[in-house]
Amino acid sequence: MNKWFKYLSVVLAAVVTLMIGVSCSDNKAATVENGIEETSLSSNIDVDVSEVIAEIQPTMYGIFFEDINFAIDGGLYAELVKNRSFEFDKPLRGWTVLKDEGLGVRTLPMNTGNPRNPRYLRIQIDDAGSGAGLKNEGFRGMGIKENVPHDFSIQIKGVEGNVSAIRIELIDSQGEVFAEGRVDGVSDDWQTLETTFTPTRTVEKATMNVWFEGEGTVDIDMVSLFPTDTWKGRKKGLRTDLVQLLADMDPGFLRFPGGCIVEGFDLSQRYQWKNTVGDIDERVVTINRWNFEFDHRPAPDYYQSFGVGFYEYFLLAEDLEAEPMPIINCGMACQFNTGELVPLDDLEPYIQDALDLIEFANGSVDTEWGSLRADMGHPEPFNMKMLGVGNEQWGPQYIERYVPMVQAIKNKYPEMQIIAATGSDGSIFPNGEEEIDYLWEQWRKLQPEIVDEHFYRNPDWFRESADWYDDYDRNGPKLFVGEYASQSVGVASPENKNNWETALSEAAFITGLERNAGVVTMTSYAPLFAHAEGWQWTPDLIWFDNLEAYATPNYYVQKLFSTNTGTHVVSIQEDGKDLTGQNGLFATAAKDEETGDLIIKYVNATDTDKELNINVNGASLEDRGTLTVLQNNDLTEVNSFDAENIKPEEESVAVTGTSFKLPAASNSFSILRVKMTQQGI
């Protein structure tokens, strides 16, 4: 069936929504073995371990990373100082002068003549007795943790006078000083002064005062404050709690840096990876394209310091044991914005950037870019295997730029797997269906290894599209479902919630992705992170503030699929048909040849408890397994900083021979793992 006809049919059929059901205890009746209770509905489910449908790739479930919602600066990147190098549109954005001009201090933004770090700040202190300084507000405040040492550093040069020392204060919301540090030794040469001090209190919204002692003129740059409890203890590194949530997902790949951020509002704002590597103070600060994208969520202080650049992305992928998947600009700005195109005659620098990126990731230390990687601390190659050319591009202009770029890449690196785009979700961009059909015509001719498709749609669509990939060509390019998320209200609506209905509908959809693992080899939810006070887009997988983070129900769905993947899809059917929503049931099954487990994942998207009569062919099983369940009868329920209302519950269950019963609670997603003692029987 044509996928667009299928989509239209789904939309026309979606005339009802899930109703909030009664509680599990109200629905259930008599108790049987395992504590499973009789229900009014049951289904006979056949699992055939000997019927292998497809191999599941290790990359099946991964992470899509984009710097949206203050995901990096103010989020994953543990730097606490906003605009540390005075490179924002307003050099003192995020800063406040502690003495007005004429009363103690004057600040003058100065031009360095270095295009990679064009500004520093000159401070003239006229009255040594009164004291003078600057205050930094942080990213919606600074999250400071008690008993955690914090590293302060500043680049400084004495120009004239006798400014000899700097005093640092951390201030709570009541204006009280709760931590202090001091550096001295200011000289007439640029130098970095550092100190470490340990706060005695935890404060969510602190600010930092930097006081200058003495009288005269100094130049300052790269004012920085980091906690030391970073991921793997790396100096000036990443927030441990946020990385740990990613590690807990056991992702197969890490896609970076986006997303629309790759394209930029125009080409001047596109993501240029060479500006994000090398010394931190030589990385070119750039306005973030989400700074001004939405009138309802303006973020004039949203810039990219690139403290997390391509080197750090590769390093994070390595830490997570995930395949790195960079996406590069193909000479096109975002077609939702300016749609600016680089002339084809001027495409060569974009091609060279792609080739140099591969050299940076994989080249020997004797190459130019491999040498830089080594200088940054990683002489071993990152072993990158995949590269995306363009993001959400469409039309003939995309093909005209894609072809020469890919030809150049393949000529030098024939083993590199290329990821091609299909525009965006066909339901939300101009002439979507026609544009996607046009691109698929091209991809059938050009045969990229992988094609990226995106879906931002309502919960009904996700539930009703578990068979979306059933009819895709198994001999064509493989599929990367690179961005998807169920929208509780509408695409880009600020009212979207990460509620249980969206997560449950995604679980139903993912059973179809996994069942079609013969063609779908990679999937990832988007966006990943959101600051509770700095977001631009909802819904999002993980929410955080300055001190804490919480996992959404959608996160737990992703995590449960990713950590219970298996190696091969096997047959699971009811009445000879795949479970794609009949009677509200969705299911996929897999065996794991590494652990010897049979894994059954199933969704009951109705408000009635069900009982599954499981019959397993082709294997014998141990007499106990583990059942993990996500369930809630309030489809509007969400998680928050205060309450984790929806989280996995795990229990041991008895498995009687190869025929046994499993509960399928109303509005639930469940996973059974059980050891196979013998296969092929």
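Residues numbered from 1 in each chain as written. Predicted model: local features only at pLDDT ≥ 70, side-chain atom pairs only at ≥ 80, totals over all residues. Heavy atoms only, no water.

A. Expanded view of empty space enclosed by the protein. Summed over all chains, the structure comprises four cavities of 30 Å³ or more. Roughly 100 Å³ of volume is contained in the largest cavity. Going through the elements one at a time, strand 17 (323-328) and helix 5 (348-362) are the ones with two or more residues in the lining of the largest cavity. The residue makeup of the lining of the largest cavity, split by class, is seven nonpolar, two polar and two charged. (1 Å grid on protein atoms, 1.4 Å probe; cavity = no way out; pocket = protein on both sides within 12 Å on 5 of 7 lines; lining within 4 Å. Points joined across faces, edges and corners; volume = space filled by probe spheres on them. Helix = DSSP H or I, 4+ residues; strand = E, 2+ residues; numbered from the N terminus. Nonpolar A, V, L, I, M, F, W, Y, C, P; charged D, E, K, R; others polar.)

B. Quick peek at helix 8 (residues 432-446). End to end, helix 8 covers 21 Å across 15 residues, agreeing with the expected 21 Å (1.5 Å per residue, within 8%). Of the positions making up helix 8, those classed as buried are Gly432, Glu435, Ile436, Leu439, Trp440, Gln442 and Trp443. Considered in projection along helix 8, the buried side chains sweep an arc of 165° and stay on one side of the axis. In helix 8, the exposed positions angled more than 90 degrees off the buried face are occupied by Glu434 and Lys445. Following helix 8 by one or two positions, Gln447 has its phi on the positive side, about 55°. (Expected span 1.5 Å × (residues − 1). Buried < 20%, exposed > 50% of the residue type's maximum accessible area, 1.4 Å probe, protein only. Arc of directions from axis to C-beta.)

C. Spotlight on the sheet that holds strand 23 (residues 529-531). Strand order in the open sheet made by the three strands is 23-24-25, with mixed pairing throughout. Looking along the sheet, the strands with just one partner apiece sit at the ends: strand 23 and strand 25 (549-551). Mean inter-strand twist for the sheet, computed between neighbouring axes without regard to direction, equals 25°. The pairing of strand 24 (residues 542-544) with strand 25 spans three bridges and is classified as antiparallel. Residue Phe544 lies in a different strand from strand 25, and its bridge partner there is Ala549. (Pairing = 2+ DSSP bridges. Axes fitted to C-alpha atoms, helices over the stretch in contact; angles between N-to-C directions.)

D. Broad picture of the environment of Glu51. Position of Glu51 relative to the elements: it lies in strand 1 (residues 41-55). Distance from Glu51 to Gly618, taken between C-alpha atoms, is 8.2 Å for residues 567 residues apart in sequence. Excluding residues within four positions of it along the chain, Glu51 makes contact with Val569, Val570 and Ser571. (Contact = heavy atoms within 4.5 Å.)

E. Region of interest: the side chain of Ser524. Following the sequence through the fold, Ser524 ends up in the loop between strand 22 (520-523) and strand 23. Ser524 sits in the buried class, given a relative accessible area of 0%. There is a polar contact of 2.8 Å between the side chain of Ser524 and the backbone oxygen of Gly482. Apart from the residues within four sequence positions on either side, Ser524 is in contact with Gly62, Ile63, Phe64, Phe253, Phe480, Val481, Gly482, Glu483 and Tyr484. (Polar contact = N/O pair within 3.5 Å; in protein donor to acceptor, adjacent residues only side chain to side chain.)

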